[in-house]
Amino acid sequence: MTVAEALKQVHTVRLVGDTPPVVETALAELFPDINKITVKLVNKYPEHEAGCFDVYIGPPETTVSESDYAIHKERLSRAILFSLQADGCGTLYLTHACYFYAFMRHILDDLTDDHIDRYQKTQMIQPAFFWNRATYDYFLTQAGRIQKGLSRETYIRELARQGFTHIEVNGLAYPMSLETGPEGETYPMFYTHCPALDQFVSSELNRGLYPDYYLSANLVYLKENARLAAKYGLTPGLLCFEPRSVPERFFDKYPMLRGARVDHPFRSFKPRYNMTIAHPLVRDHYAEMTQKLLDEVPELGFISIWTNDSGAGFEHTKSLYVGRNGGPYLIREWKDDAEIARVAGENALLFLKTLRDAGKKINPEFRVMTRLESFYGEHDVIWEGLGEDLDVEAASLISRGWDIPYNHPKYPDSKSINAGSVYQNYPEEGEKVKQTEIHERGSLAHFYFTAGPHIMFEPLLGVPYPNLTFQRLKLLHGQGIDCLSNTGGTCPPELVPYNINHEITRLFQFNPQMDGDEALRSITQRWAGKFCQDLMKAWRLTEEAILAFPNVSPLYSTHGFTWYRLWVRPFVPNLEAISEEERRYYEDFMCTTPHNPNNVDLSRDVLFQLTTPEKSRLDVERMDQHVWEPIDQAIELLGEKLEEAEKASGENNVIEDQFIRLKALRCWLMTQRNVAAWIAGVYGYMDGGRIKIKQKWREFLQDMMKKEIANTDELLSLLETGIEFMAMTEQGETPLIHGTNFRYNLEKRIALMELHFDDEPFIDHDYMLRKSADSC
């Protein structure tokens with residue numbers, strides 16, 4: 001008898017104690033004829049009976065038998081106990097509701113064909129990760145929340161199915177925030193990221209600062225996300241940039257509550273200040289907003305604070321864009337750096353504790369976490385102050401600031417990797433030591449992990465690298481890491497029906513000892529049937545190409561790819577040779593100011609040097625040597641099976657789906673290669689001196705343009721396939737996401753590249769100062 005057959009013998013479900021909403025949700029799927037099944041509420045552990053399936057959620061000492069608790073006490077801090085008999089008698093114990101839906105789907109998706117003998121004795125499953133938190137959730141709360149065809153319910157359901165445990169719910173109800181600024185600045189767009197507490201509720205201090213209709217709409221959006229989280233058993237929480245700036249009219253009323261200047265002086269055309277959190281009135285303001293949000297959503301379990309970016313920052317911390325500064329109450333500015341660092345760090349900790357204590361008054365389980373990177377000047381003070389439900393999230397606990405101590409796995413001479421990605425694929429023993437240290441103080445360490453759609457390959461959806469995903473999970477779990485900060489969330493199932501990376505994370509959550517090859521084969525067999533081996537080989541080849549990608553610029557590998565419109569701006573030898581009017585189709589939506597050197601030089605962004613001509617030349621060489629052969633082999637392999645797979649599969653054609661996504665990945669990689677080629681070629685020409693050298697680089701650039709024109713043509717053809725391979729909105733293009741005018745922009749790009757094919761390569765290195773003077 002199979003598990004599926006035994007479940008059909010169930011006629012009664014007995015629920016012990018209080019049951020959260022997810023129980024009803026999960027049981028309706030576990031038992032399709034739930035209306036024919038008797039559901040009983042019982043107050044204590046019942047005797048086993050034929051046809052009775054017992055469900056318990058709660059602390060182990062109250063939900064399992066005394067004998068099981070005595071045997072498994074150490075492992076029961078987070079656990080699932082499952083048993084099932086041939087007569088339908090069964091038990092499902094869970095220590096936490098957040099595991100319920102995922103495990104129920106695990107039964108239905110993976111265990112129904114198993115023989116019942118395996119489960120007649122209670123099976124204990126200890127989830128690999130205590131927390132698997134969606135962080136900076138691209139589709140639910142960040143740029144992709146206006147994705148065309150997005151259903152929040154099916155998306156959150158998919159998060160739950162894939163084994164996520166905690167999600168952030170504070171997204172804006174509007175495409176952009178209400179922040180405004182002078183003409184030409186791009187800074188308001190950053191206020192859409194990780195919206196602050198005051199975008200949802202107000203306190204007595206700031207009441208009326210934002211329109212009630214705006215706060216109300218945002219709060220409704222947040223509460224609906226939280227309701228859906230509860231429906232599927234997930235713990236809702238917040239991700240905010242704080243302490244964030246407030247409109248200047250607040251300081252017209254309260255001039256003595258002005259805090260730090262927190263804007264970026266290049267991207268912002270006006271100074272922006274937050275409230276001084278050194279003042280108790282401001283801390284009370286934050287405590288009141290926190291409690292108001294928990295009054296609305298008592299289930300809120302955490303708030304993650306990101307800072308010193310996007311219009312937020314802590315007073316007198318070193319990484320503020322304009323340097324250490326703040327209000328009048330913290331410290332005299334001429335004190336030495338060490339003393340300022342100590343006081344600034346203590347002030348930040350006081351803020352975090354204020355939020356924690358306010359939250360715990362309503363939800364005793366409420367936690368606060370923050371990132372360490374922005375506190376490189378106050379690192380030791382912050383680290384020593386963490387404890388008692390003040391947590392940390394990071395790609396590495398042994399690093400300071402934004403540099404991480406990991407090299408590229410294929411190119412050891414390079415540190416050009418994105419934190420938490422599959423390129424961070426080897427252990428550092430020091431991580432375990434630091435994690436143990438913070439655990440002993442009552443804190444959790446949340447480590448960044450990503451399997452798409454953010455951190456790498458944005459704006460692509462469903463890029464497959466299952467073996468690399470498994471290796472990263474195995475590495476983290478092997479180091480004793482039990483909290484994942486899963487960057488980007490997942491992909492909507494309507495857009496990515498074959499999300500292999502997250503299928504691996506789903507299976508790993510309930511079986512961290514699994515054989516990765518066997519698990520992958522099982523999924524692929526179900527999806528592809530007789531094409532299983534072909535698909536697995538194609539993925540291996542794709543992963544070879546991914547590991548060979550030298551990461552031209554970490555910014556361009558993530559949201560910068562969209563911000564700087566790398567797929568629609570023309571790669572011509574002299575970007576200023578295109579008229580201002582003709583550039584508007586892409587420049588109006590770029591994350592740049594009129595004087596940003598990125599407008600004319602792909603190697604720079606404001607005062608950042610994104611990459612160098614020397615690295616760019618090496619990157620082109622490395623990509624041409626190592627990337628194209630494996631990715632082309634993978635595409636060719638699936639292409640050969642397309643016709644046969646279509647006949648065998650009809651509409652549910654995983655081979656076609658993956659074929660298109662691999663072609664889109666190749667387009668993305670080719671554009672990355674050509675960014676490097678543009679930088680190498682233009683700088684090479686300008687520094688060339690002799691005519692022969694200049695001619696060599698001119699031909700090099702023309703070869704690049706031919707490649708990128710062909711690449712853009714390929715992108716246009718992929719748009720005709722009906723497979724959603726990239727993020728796109730139908731609500732109108734923004735700097736954060738492409739719109740449905742993407743096709744037009746690609747066609748315009750090709751026309752401009754052909755028109756300016758023979759232009760002389762040139763960058764005006766005085767562009768920044770010249771353009772800023774033009775506005776005077």
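One can find the structure itself at the top, above this paragraph.
All values derive from a computational prediction rather than experimental measurement.

Undergrad: Looking at this model, I keep getting lost on the nonpolar core. Mind explaining?
TA: For soluble globular proteins, the rule of thumb is that nonpolar side chains tend to be buried together. If you look at the biggest cluster of nonpolar residues, it comprises 230 residues, and the most contacted ones within it are Phe31, Phe457 and Trp668. Considering every element that reaches this core, the biggest residue donor is helix 21 (residues 654-686), with 18 residues. The residues contacting Phe31, other than those within four sequence positions of it, are Leu7, Val10, Val13, Ile37 and Phe53. Of all hydrophobic cores here, the second largest spans seven residues; its members include Val16, Val42, Leu81 and Met124.

Undergrad: Whenever I open this one, the sheet that holds strand 4 (residues 80-84) confuses me. Can you help?
TA: Sheets are built from strands that pair by backbone hydrogen bonding, the pairs being arranged parallel or antiparallel. Here six strands make up an open sheet; going across it, the order is 2-1-3-5-4-6 and the pairing mixed. With partners counted over all chains shown, the strands left at the sheet margins are strand 2 (38-42) and strand 6 (123-125), one partner each. Put simply, the sheet's adjacent strands are angled 15 degrees from each other on average, direction ignored. Relative to strand 3 (residues 52-57), strand 1 (residues 12-16) runs parallel, the two being bridged by four bridges. If you follow Thr12 over to strand 3, its bridge partner there is Cys52.

Undergrad: I tried to follow the layout of surface pockets on my own but got confused; where do I start?
TA: Taking a probe equal in size to a water molecule and rolling it over the atoms shows the remaining empty space. Roughly 1700 Å³ of volume is contained in the largest pocket. Along its surface, the largest pocket is lined by 47 residues, and Arg371, Trp402, Pro554, Leu555 and His559 are the ones closest to its centre. For the lining of the largest pocket, the secondary-structure elements that each account for two or more residues are strand 12 (302-306), strand 13 (367-371) and strand 18 (608-609). Its residues assigned to classes, the lining of the largest pocket shows 21 nonpolar, 18 polar and eight charged. For the second largest pocket, the calculated volume is near 920 Å³. Around the second largest pocket, the lining is made up of 31 residues, and of these His96, Ala97, Cys98, Thr235 and Glu365 lie nearest the centre. For the lining of the second largest pocket, the secondary structure elements donating two or more residues are helix 7 (212-231) and strand 9 (235-241). The residue makeup of the lining of the second largest pocket, split by class, is 16 nonpolar, nine polar and six charged.

Undergrad: Explain helix 12 (residues 429-439) here, please?
TA: Spacing of three or four residues puts side chains on the same side of an α-helix, whose turn is 3.6 residues. For helix 12, the complete set of buried residues consists of Glu431, Gln435 and Ile438. In a view along the axis of helix 12, the buried residues occupy a sector of 65 degrees, so they form one face of it. Opposite the buried face of helix 12, at more than 90 degrees from it, the exposed residues are Glu429 and Val433. Turning to helix 12, the residues buried within the fold contact helix 11 (379-385), strand 14 (390-394) and strand 15 (445-449).

Calculation notes
Residues numbered from 1 in each chain as written. Predicted model: local features only at pLDDT ≥ 70, side-chain atom pairs only at ≥ 80, totals over all residues. Heavy atoms only, no water. Core = buried A, V, L, I, M, F, W, Y, C linked by side-chain atoms within 4.5 Å. Buried < 20%, exposed > 50% of the residue type's maximum accessible area, 1.4 Å probe, protein only. Helix = DSSP H or I, 4+ residues; strand = E, 2+ residues; numbered from the N terminus. Contact = heavy atoms within 4.5 Å. Pairing = 2+ DSSP bridges. Axes fitted to C-alpha atoms, helices over the stretch in contact; angles between N-to-C directions. 1 Å grid on protein atoms, 1.4 Å probe; cavity = no way out; pocket = protein on both sides within 12 Å on 5 of 7 lines; lining within 4 Å. Points joined across faces, edges and corners; volume = space filled by probe spheres on them. Nonpolar A, V, L, I, M, F, W, Y, C, P; charged D, E, K, R; others polar. Arc of directions from axis to C-beta.

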